Amino acid sequence: MPSTDLLEPGVVRGRWHRLLADGRVECELCPRACRLREGQRGFCFVRERRGNDIVLTSYGRATGFCVDPIEKKPLYHFYPGSAVLSFGTAGCNLGCKFCQNWASSRARAVDARTEPVSPERVAQAALDTHCRSVAFTYNDPVVFAEFAIDAARACRDRGVATVAVSAGYMNPPAREEFYAVMDAANIDLKAFTPEFYQRFCAARLEPVLETLRYVARETDCWLEVTTLLVPGHNDGPDEVARLAAWCARELGPTVPLHFSAFHPDYRLRDLPRTPAATCARARAIAIREGLDFVYTGNVYDPSGQSTHCPACGAIVIERDAFVLGRFRLQEGRCLGCGAPIAGRLSAAGNGCWGGRRRPVEIPP
Ligand code: SF4
């Protein structure tokens with residue numbers, strides 16, 4: 001059963017807010033701390049003040065379901081080759097100028113014709129489409145946290161794993177509830193300077209670092225990290241080295257880091273694509289800084305996208321884009337030297353979904 005109060009189709013009472021002395025209600029879900037008067041909406045646009053509450057207006061309002069390879073999230077150490085049922089809603093609590101999903105993240109409202117989908121229906125749809133997991137993605141699940149949590153619980157009840165793809169901009173109380181029910185997460189670390197977060201994302205770096213630390217150290221949620229390299233703004237060797245050294249020290253060397261190539265989009269259309277060589281350079285720097293698993297993304301680089309055993313260097317999971325090749329692991333260990341490879345890599349969970357994305361209709 002959902003743990004939320006359904007007020008009307010698609011609208012639930014939010015869980016994280018407080019009434020201020022000046023009569024405004026402050027949303028405590030994310031560090032943006034929107035302070036709202038009656039009828040006002042927050043920065044994410046899907047949360048609105050009603051009375052002394054803040055309500056979520058996108059509960060169960062999915063903007064499209066697709067079956068994806070899990071590698072597309074990207075998660076490379078979480079049931080490799082398996083299919084994941086992916087969906088998002090509308091709105092976002094960051095304002096990234098380079099957003100690669102801006103059509104849904106910047107949507108001001110969920111399509112009124114969308115039929116609500118229950119948490120149980122999401123979980124059942126994953127079983128019906130033979131997906132090992134469900135991913136809350138396309139827009140940041142922080143803004144639809146109540147629905148993501150309810151859906152994750154319904155998935156757990158049915159043996160389906162759950163994945164959050166997020167920017168990690170979330171306050172501690174909500175974060176604890178959220179990550180307690182997620183089995184894996186890919187969290188963006190968009191850069192390693194407060195200036196970049198402020199200028200390009202209208203956000204702050206420190207809360208993201210706190211979320212990364214929290215997930216890595218205090219939860220059972222499998223974590224991978226993604227940095228989109230924006231030419232001339234966060235791809236310098238010094239910044240990459242500091243970012244990678246922080247990840248190795250604070251998150252641990254076995255947390256995978258993905259360097260993904262930027263393509264011109266949304267409000268940053270005047271910049272060039274990130275060259276493959278820049279991603280390869282960042283990968284080499286991060287390995288030198290002590291990370292065991294560093295990948296490139298959005299460029300042609302089969303070696304940089306394959307998993308190498310950190311002990312003997314052999315390829316243990318071969319990839320070409322999202323398609324798997326040789327799989328040289330047994331019980332999570334390198335077949336060559338026997339070294340353990342971190343992740344959820346049990347043979348039972350692996351598959352051969354391939355690289356394709358398939359849209360699916362999920363009836364209400
Ligand atoms: S979740 Fe939305 S309403 Fe709440 S503080 Fe963040 S941006 Fe504002």
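Computed from a predicted model, the values in this text were never measured in an experiment.

Undergrad: Help me out: how do you make sense of the overall build of the chain in this one?
TA: Of the regular secondary structure elements, the chain holds nine helices and 21 strands. Taken over the C-alpha atoms alone, the chain extends approximately 60 × 45 × 35 Å along its principal axes. With 364 residues in all, the chain has 58% of them scored as buried. For the chain, restricting intrachain contacts to residue pairs at least 6 apart in sequence, the fraction spanning at least 24 positions comes to 68%. Working note: accessible area of the chain is about 14700 Å², and carbon and sulfur atoms make up 50% of it. Each charge sign in the chain was given a centre, from 45 positive and 41 negative side chains, and these centres are 3 Å apart.

Undergrad: Would you mind showing me how to read the sheet that holds strand S18 (residues 323–327) here?
TA: Hydrogen bonds between backbone groups are what pair the strands of a sheet, and the pairing can be parallel or antiparallel. Strand order in the open sheet made by the three strands is S16-S17-S18, with antiparallel pairing throughout. With partners counted over all chains shown, the strands left at the sheet margins are strand S16 (307–308) and S18, one partner each.

Undergrad: Please clarify how the domain arrangement of the chain should be interpreted in this entry.
TA: Size of an interface: often given as the accessible area lost when the parts come together. Structurally, the chain comprises domain 1 (6–56) and domain 2 (65–360). For domain 1 versus domain 2, the distance between C-alpha centres works out to 28 Å. Listed as interface residues are 18 residues of domain 1 and, on the opposing side, 29 residues of domain 2. Both faces considered, domain 1 and domain 2 share a buried interface measuring about 1800 Å² in area, 57% of it formed by carbon and sulfur atoms. Ranking the residues of domain 1 by area buried against domain 2 places Arg15, Trp16 and Pro31 at the top, with a combined share of 32%. On inspection of domain 1 and its partner domain 2, the count reaches three salt bridges.

Undergrad: Hey, could you run me through the sheet that holds strand S2 (residues 11–13) in this one?
TA: Within the open sheet, the four strands sit side by side as S1-S2-S7-S6. Their pairing is antiparallel. Each edge of the sheet is formed by a strand with only one pairing partner; in this case those strands are strand S1 (6–8) and strand S6 (47–50). The mean angle between the axes of side-by-side strands here comes to 40 degrees, regardless of whether they run parallel or antiparallel. Here S1 pairs with S2 via two bridges, running antiparallel. When the sheet's bridge partners are listed, Leu6 is paired in S2 with Val12.

Undergrad: How should the packing of helix H7 (residues 237–251) against helix H8 (residues 276–288) be read in this particular structure?
TA: When two helices pack together, their arrangement is given by the angle between the helix axes and by the axis-to-axis distance. Their axes nearest at 9 Å, the elements H7 and H8 cross at an angle of 45 degrees. Judged by the angle between their axes, H7 and H8 are oblique. Handedness of the crossing formed by H7 with H8: right-handed. Where H7 approaches H8, its residues Pro237, Val240, Ala241 and Ala244 are matched on the opposing element by Arg281, Ala282, Ile285 and Ala286.

Undergrad: How should the environment of Leu94 be read in this particular structure?
TA: Note on placement: Leu94 falls in the loop between strand S9 (83–87) and helix H1 (102–105). Overall, the relative accessible area of 2% leaves Leu94 in the buried class. When the C-alpha atoms of Leu94 and Ala202 are compared, they prove to be 6.3 Å apart, with 108 residues separating the residues in sequence.

Undergrad: Is there a simple way to explain the pattern of salt bridges in this structure?
TA: This structure, assessed with the given rule, holds 21 salt bridges. Its salt-bridge partner being Glu48, residue Arg41 comes within 3.0 Å of it at the nearest N-O pair. For Arg41, a relative accessible area of 32% translates into the label partly exposed. Note that Arg326 is salt-bridged to Glu318, the shortest N-O span being 3.4 Å. When its relative accessible area of 26% is taken as the criterion, Glu318 is described as partly exposed.

Undergrad: How do you make sense of the site of the ligand when you look at a structure like this?
TA: The environment of the ligand is formed by Cys27, Leu29, Cys30, Arg32, Ala33, Cys34, Gly42, Phe43, Cys44, Arg47 and Asn93. For the shell around the ligand, the class distribution of residues is seven nonpolar, two polar and two charged.

Undergrad: Where do I start with helix H2 (residues 119–128) in this structure?
TA: Residues spaced three or four apart along an α-helix point in a common direction, a consequence of the helix completing one turn every 3.6 residues. Among the residues of H2, those classed as buried are Pro119, Arg121, Val122, Ala123, Ala125 and Ala126. Looking at the buried positions of H2, the neighbouring elements they touch are strand S8 (65–69), S9, strand S10 (133–136) and helix H3 (145–157). Of the residues trailing H2, His130 is marked for its positive phi of about 60 degrees.

Undergrad: Even after reading the chapter, I still don't get unusual backbone geometry, so can you show me in this structure?
TA: Most peptide bonds adopt trans geometry, and most residues besides glycine take a negative phi value. With an omega dihedral of -10 degrees, the bond running from Lys73 to Pro74 counts as a cis peptide bond. Among the secondary structure elements, Pro74 is positioned in the loop between S8 and S9. Phi is positive for Tyr79, close to 45 degrees, though the residue is something other than glycine. If you trace the backbone, Tyr79 turns up in the loop between S8 and S9. For Tyr79, a relative accessible area of 12% translates into the label buried. With a phi angle near 55 degrees, Ala321 is a residue other than glycine that sits in the positive phi range. Inspection of the secondary structure puts Ala321 in the loop between strand S17 (315–320) and S18. Assessed through its relative accessible area of 38%, Ala321 is described here as partly exposed.

Definitions and limits used
- Residues numbered from 1 in each chain as written.
- Predicted model: local features only at pLDDT ≥ 70, side-chain atom pairs only at ≥ 80, totals over all residues.
- Heavy atoms only, no water.
- Helix = DSSP H or I, 4+ residues; strand = E, 2+ residues; numbered from the N terminus.
- Buried < 20%, exposed > 50% of the residue type's maximum accessible area, 1.4 Å probe, protein only.
- Contact = heavy atoms within 4.5 Å.
- Areas by Shrake-Rupley, 256 points an atom, 1.4 Å probe, with all protein chains shown as cover.
- Lys, Arg positive; Asp, Glu negative; His and termini not counted.
- Charge placed at Lys NZ, Arg CZ, Asp CG, Glu CD.
- Pairing = 2+ DSSP bridges.
- Domains from an automatic or database assignment.
- Buried area = accessible area lost by both parts, 1.4 Å probe.
- Salt bridge = Lys/Arg side-chain N within 4 Å of Asp/Glu carboxyl O.
- Axes fitted to C-alpha atoms, helices over the stretch in contact; angles between N-to-C directions.
- Parallel < 35°, antiparallel > 145°, perpendicular 65-115°, else oblique.
- Left-handed = near helix turned anticlockwise from the far one by under 90°.
- Near = heavy atom within 4 Å.
- Nonpolar A, V, L, I, M, F, W, Y, C, P; charged D, E, K, R; others polar.

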